[in-house]
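Residue-level listing of the chains:
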Amino acid sequence: MLHIIRTAQEMQAHALRQRLAGKRLGFVPTMGCLHEGHLSLVRAARRDCDVVVVSIFVNPLQFGPREDLAGYPRTLADDLARLLEVSADVVFAPAEGSLYPAGFATFVEVTGLTEGLCGARRPGHFRGVATVVCKLFNLVQPQRAYFGEKDYQQLQVIRRMVADLNLPLEVVGMPTLRQTDGLAMSSRNRYLSGAERQAATALWRSLEAARRAVAAGEHDALAVRRRVTETLRAEPLARLDYVEVCHPETLRPVAVLDGPTLIALAAYVGQARLIDNLVVCPASVDTPDAQGRTEAAASSSRQD
Ligand code: PAF
């Protein structure tokens, strides 16, 4: 049975009771309009934890004045049905006034990581995300919180905030879920018409083109960016917002690919602004395996 909680006070009291009873809480923060990507996070939380809490809150603080706050899809009845299917325990769906009462004046700002990529195009966005996620962590009191890697910059920002503010929880990043044609699952895919839905595959196709170039020996970040840009330009219904080639942890642009590298992009398809990313590794780079050994070390130990 799903327990639905509507106020911040009730959520925190419930979480504290669960913690006192020795339960392990897993948390999936969302803005609703749930798709398989969200459900994969809930399933992971279900595997790892005793109590699974999902929040559904369209956070006004992370939308700019000309963004899609008013039109953002709100599908609570469907969301609850889906959460029941994946055996979530608690849905926290507060009204705006419960999270941001009159006089609210405190914000969380993660610097550095938020300066480039989406942060540069959406001023105040990550301040809104960090503020609401910090509040949600205080209310839900989870030991583990699950975020999708599709929002790669968001994931890094949350990890930084948790480390910097000594928040006592583990942040778990989960792989992006894709449709069979590569389109990353996103609540904003709902905005796409049939033709736009087809065109939106250009995001993944452009990342794949970049990956192939890197696998074939391309190390120059400018050339990799050009590959993405050309693939996207060939799709008349898509308009590139940005593509960056960056260090996967600092998110700073790199000139040369000499290790695992993030390629991140945003593009408009019709009214929808879609994002996607891929971490690529140049063919010549010897990356450590799960045991932290490089291929050279592994082959030398195989010979021993
Ligand atoms: O990724 C999202 O859906 C939102 O940014 C989040 C993390 C729920 C905060 O509002």
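Note: the structure precedes this text.
Quick summary incoming for the structure in this document.

This part covers the side chain of Arg144. Relative to the assigned elements, Arg144 resides in strand E5 (residues 144–148). Taking relative accessible area as the criterion, Arg144 reaches 15% and is therefore assigned buried. Side-chain polar atoms of Arg144 contact the side chain of Asp48, separated by 2.3 Å. Once you skip the residues sitting within four places of it in the chain, Arg144 turns out to touch Arg24, Leu25, Gly26, Phe27, Asp48, Cys49, Glu170 and Val172.

Okay, the packing of aromatic side chains next. One pass over the full model with this rule turns up six aromatic pairs. A ring pair is formed by Phe27 and Phe137, whose centres lie 6.2 Å apart and whose planes are at 75 degrees; its orientation type is edge-to-face. On the criterion of sequence distance, the pair formed by Phe27 in strand E2 (residues 25–30) and Phe137 in helix H6 (residues 125–140) is long-range, its members being 110 residues apart. Residue Phe137 is classed as buried on the basis of its relative accessible area of 4%. Seen in terms of ring centroids, Phe104 and Phe107 are 5.6 Å apart; in terms of plane orientation they differ by 85 degrees. Their pairing is edge-to-face.

With that out of the way, let us pick up the site of the ligand. Neighbouring residues of the ligand: Pro29, Thr30, Met31, Asn59, Gln62, Val132, Val133 and Gln154. Gln62 has a polar side-chain atom sitting 2.6 Å from an oxygen atom of the ligand. Between an oxygen atom of the ligand and a side-chain N or O atom of Gln154, the distance comes to 2.7 Å. Isolated, the ligand exposes 290 Å² of accessible area, and the fraction of that covered by the protein chains is 89%.

A few words now on unusual backbone geometry. Look at Cys33: it is not a glycine, yet its phi comes out positive at around 55 degrees. Mapped onto the fold, Cys33 is located in the loop between E2 and helix H2 (36–48). According to the relative accessible area criterion, Cys33 is buried, its value standing at 3%. Residues other than glycine seldom take positive phi values, yet Ser87 does so here, at roughly 60 degrees. With respect to the helices, strands and loops of the structure, Ser87 is situated in the loop between helix H3 (76–85) and strand E4 (90–92). In this structure Ser87 comes out as partly exposed when scored by relative accessible area, which is 38%.

The interhelical angle for the contact between H6 and helix H7 (residues 152–164), taken along N-to-C directions, is 55 degrees, at an axis separation of 10 Å. What the angle tells us is that H6 and H7 run oblique. Helix-helix and strand crossings are classified by hand; for H6 and H7 the assignment is right-handed. The segment H6 lies against H7, with Phe126, Val129, Ala130, Val133, Cys134 and Phe137 engaging Gln153, Gln154, Val157, Ile158, Met161 and Val162. Taken together, the residues that form the contact of H6 with H7 break down as ten nonpolar, two polar and no charged.

Rules of the game
- Counting starts from 1 at the beginning of each chain's written sequence and moves along it residue by residue.
- A pLDDT threshold of at least 70 governs which residues receive local features in this predicted model, and a stricter bar of 80 or more applies before side-chain atom pairs are shown or counted, although totals over entire chains, interfaces and linings include all residues.
- In computing side-chain properties, one takes all heavy atoms of the structure into account and sets aside hydrogens as well as water.
- Each helix is a run of DSSP H or I of at least 4 residues and each strand a run of E of at least 2, with the numbering of both proceeding from the N terminus.
- Type-normalised accessible area, obtained with a 1.4 Å probe on protein chains alone, sets the label of each residue: buried when under 20%, exposed when over 50%, and partly exposed for intermediate values.
- Counted as a polar contact is a pair of N or O atoms within 3.5 Å, where, for protein atoms, one must be capable of donating a hydrogen and the other of accepting one, and residues adjacent in sequence contribute only when both atoms are in side chains.
- Any two residues whose heavy atoms approach within 4.5 Å are treated as being in contact.
- Stacked, edge-to-face and tilted are the three classes for Phe, Tyr and Trp ring pairs, Trp counted by its six-membered ring, which pair at centre distances within 6.5 Å; planes under 30 degrees apart are stacked, over 60 edge-to-face, the rest tilted.
- Near, as used in this document, describes a residue that has one of its heavy atoms within 4 Å of the molecule or strand being considered.
- Computed with the Shrake-Rupley method and a 1.4 Å probe, the accessible areas treat only the protein chains shown as cover for residues.
- Between the N-to-C directions of two axes lies an angle of 0 to 180 degrees, each axis being a line fitted to C-alpha atoms and, for a helix, fitted only over the stretch in contact.
- Relative orientations are named as follows: roughly parallel for angles under 35 degrees, roughly antiparallel for angles over 145 degrees, roughly perpendicular for angles from 65 to 115 degrees, and oblique for any other angle.
- Handedness of a crossing follows from how the near helix is turned relative to the far one, being left-handed for an anticlockwise turn of less than a right angle and right-handed for a clockwise one.
- Classification used: nonpolar for Ala, Val, Leu, Ile, Met, Phe, Trp, Tyr, Cys and Pro, charged for Asp, Glu, Lys and Arg, polar for all others including Gly.

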